[in-house]
Amino acid sequence: ASAVTYVHYRVLTATKIELWTNSGTSSSGITTIASGTLSGSGITITSIPATYTQLVLFLNNAEPNTGSQTVLVQASTNNGSSYDSSSSNYTGYYITATNPTHVSTASLMPSASLGVSGGTLSGSIIISGYQGGPHAIAQGQYAAGSNVVACQVRYRSTSAINALRIMPSSGNWGGGTYALYGVA
């Protein structure tokens, strides 16, 4: 019988993560695909290679410039010519301290409202199966405003995700950073 490998990620710096497994820790096999500051109405990451086993997206202090917004992470299967904004293609849930909530929001990262101007979101999602096939699965955890949230979303497309758009539900970004990694 083969051994099961448990994998966890942790942020070391804004552009570097560490991979923990039951075999030890390593930074090898992790490639930074894109990173930077959140600005404007949204950030797009295109030309995502289908050569990784998983993608890991980190957001740090993501802050829309107006209150009561949510953070959206939308997928593209045509390298950014268009982004899927159909909520029926993203199904899943998020769980806060008070209750689980089924969502059908056009986002790989369904988030609770940040509630007030100046609210931020920090956390990560791991995207598996993004190379095409039955469905991609995004799962993660983050702090959004006063909520600590766990989430899982199934993206209902059999085409490979090769671009992502990170945006507030309306308005522009007021600040924060992002980093997308590929895990070998």
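Residues numbered from 1 in each chain as written. Predicted model: local features only at pLDDT ≥ 70, side-chain atom pairs only at ≥ 80, totals over all residues. Heavy atoms only, no water.

Chemist: Got a sec to walk through the sheet that holds strand E9 (residues 100–103)? Specific residues and values, please.
Modeler: An order of E4-E14-E6-E10-E11-E12-E8-E9 is seen for the eight strands of this open sheet, with the pairing classed as antiparallel. Lying at the two open borders of the sheet, with one neighbouring strand each, are strand E4 (30–37) and E9. Direction aside, neighbouring strands of the sheet carry axes that sit 15° apart on average. Pairing analysis gives seven bridges linking strand E6 (residues 54–64) to strand E10 (residues 121–128), with the strands arranged antiparallel. Across the sheet, Phe-58 pairs through a bridge with Ser-124, a residue of E10. (Pairing = 2+ DSSP bridges. Helix = DSSP H or I, 4+ residues; strand = E, 2+ residues; numbered from the N terminus. Axes fitted to C-alpha atoms, helices over the stretch in contact; angles between N-to-C directions.)

Chemist: Describe unusual backbone geometry, with residues and values.
Modeler: If you check the backbone angles, Ser-47 has positive phi at about 55° while not being a glycine. Along the polypeptide, Ser-47 turns up in the loop between strand E5 (43–45) and E6. The backbone of Asn-61 sits at a positive phi, close to 55°, despite the residue not being glycine. Within the secondary structure layout, Asn-61 lies in strand E6.

Chemist: Hey, could you go over the nonpolar core for me, with residue numbers and the actual values?
Modeler: Judged by nonpolar contacts, the single largest core of 37 residues is most densely connected at Leu-59, Leu-108, Ile-125, Ile-127 and Ile-166. For Ile-166, the residues in contact, after removing those within four places along its chain, are Leu-38, Gly-42, Ile-43, Ile-45, Leu-57, Leu-59, Leu-72, Val-73, Trp-173 and Tyr-178. Formed by seven residues, the second largest nonpolar core is a distinct cluster that contains Ile-30, Ile-126, Ala-179 and Val-183. (Core = buried A, V, L, I, M, F, W, Y, C linked by side-chain atoms within 4.5 Å. Buried < 20%, exposed > 50% of the residue type's maximum accessible area, 1.4 Å probe, protein only. Contact = heavy atoms within 4.5 Å.)

That's the geometry; what it means functionally is another story.
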